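The lines below spell out each chain.
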Amino acid sequence: MVIINTTDDLLRLLDENEEFRTAVRNKILTEELIKLPAEFEKFTKDTQKNFDRVDRRLNGLGGNVGALKGHFAGQKAREDADYIAAEMGLAWIHSLKKVEVLRIWQAAERNGMTDEISRENRRSFLDADIIMDVLDQNGNNAYVAVEISYTAHSEDTERVIRNAGYLTRFTGIPTYTVVAGVFKDGEIDDVITEEAPQAFDVTQDTSVFWLQLADMKSPE
């Protein structure tokens, strides 16, 4: 028979005898408290599973969010085409439809002006974000080639300069260049500004006008 005379005796018995310890716990604690450790462990596991599912969904949405931002920036620039032209001191007439750009290419192709152009550059020209028909300050016809990105990169400046060069070669009409976006990356941040068209590569006598678009607060 176990004799308990002091608190220390009781504590020692609780430490040494699991059956006695369980009996005392069941006597003192309510059923809810007894189940609490196991339920908390289950809750922790379920919560972690939910977080894992959310993480996977967010990772999957990463590319889609980037595409949405680009879409919003493009939509904003196309809606403001006349404003873009006005910022450059030009008068907007209309923005060419894809089929009009295609016809310019096809006419140049018939005249043997596209033979050395790669398939990738052909696709870039035909898929230009915006090509505007405008009048300059003297009333002469001109084009404006526009490339749009949520965050503009050096590739955007290179693409718009190349497309503008093709357009002038194919039509004989001067073409201005614009890169539009909400942000610029470090590579072009010091090269193009919101002021008058800035030289991008003086050796090629090319320039790019930067237009900063308002952030449309696309989903993060």
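Residues numbered from 1 in each chain as written. Predicted model: local features only at pLDDT ≥ 70, side-chain atom pairs only at ≥ 80, totals over all residues. Heavy atoms only, no water.

1. Focus: helix 7 (residues 154–171)
For helix 7, with 18 residues, the first-to-last C-alpha span of 26 Å sits near the 26 Å given by 1.5 Å per residue. Among the residues of helix 7, those classed as buried are S154, D156, T157, V160, I161, N163, A164, Y166, L167 and F170. Of the residues flanking the end of helix 7, it is G172, one or two places downstream, whose phi is positive at about 75°. (Helix = DSSP H or I, 4+ residues; strand = E, 2+ residues; numbered from the N terminus. Expected span 1.5 Å × (residues − 1). Buried < 20%, exposed > 50% of the residue type's maximum accessible area, 1.4 Å probe, protein only.)

2. Considering the nonpolar core
With 19 residues, the main nonpolar core has M132, V134, V144, V146, V178 and L211 as its most contacted residues. Looking at this core, the elements with two or more residues in it are helix 4 (81–87), strand 2 (130–135), strand 3 (141–148), strand 5 (175–181) and strand 8 (206–212). For this core, the element with the most residues is strand 3, which contributes four residues. Residues in contact with V178, not counting those within four places in the same chain, are I84, M88, V144, A145, V146, E147, V160, V208, F209 and L211. (Core = buried A, V, L, I, M, F, W, Y, C linked by side-chain atoms within 4.5 Å. Contact = heavy atoms within 4.5 Å.)

3. A word on the packing of helix 5 (residues 98–110) against helix 7
Taken N-terminus to C-terminus, the directions of helix 5 and helix 7 make an angle of 60°; their axes are 10 Å apart at the nearest point. Accordingly, the angle class assigned to the pair helix 5 and helix 7 is oblique. Every pair of crossing elements has a handedness; the one defined by helix 5 and helix 7 is left-handed. Of helix 7, the residues touching helix 5 (which contributes I104, W105 and A108) are L167, F170 and T171. (Axes fitted to C-alpha atoms, helices over the stretch in contact; angles between N-to-C directions. Parallel < 35°, antiparallel > 145°, perpendicular 65-115°, else oblique. Left-handed = near helix turned anticlockwise from the far one by under 90°.)

4. Observations concerning the packing of aromatic side chains
Across all of its chains, the model carries six aromatic pairs by this definition. On the basis of an interplanar angle of 80° and a centroid distance of 5.6 Å, the ring pair of F125 and F170 is categorised as edge-to-face. Of this pair, F125 sits in helix 6 (residues 119–126) while F170 is found in helix 7, placing the two residues 45 residues apart along the sequence. Each member of the pair, F125 as well as F170, is classed as buried. (Phe/Tyr/Trp six-rings, centres within 6.5 Å; stacked < 30°, edge-to-face > 60°.)

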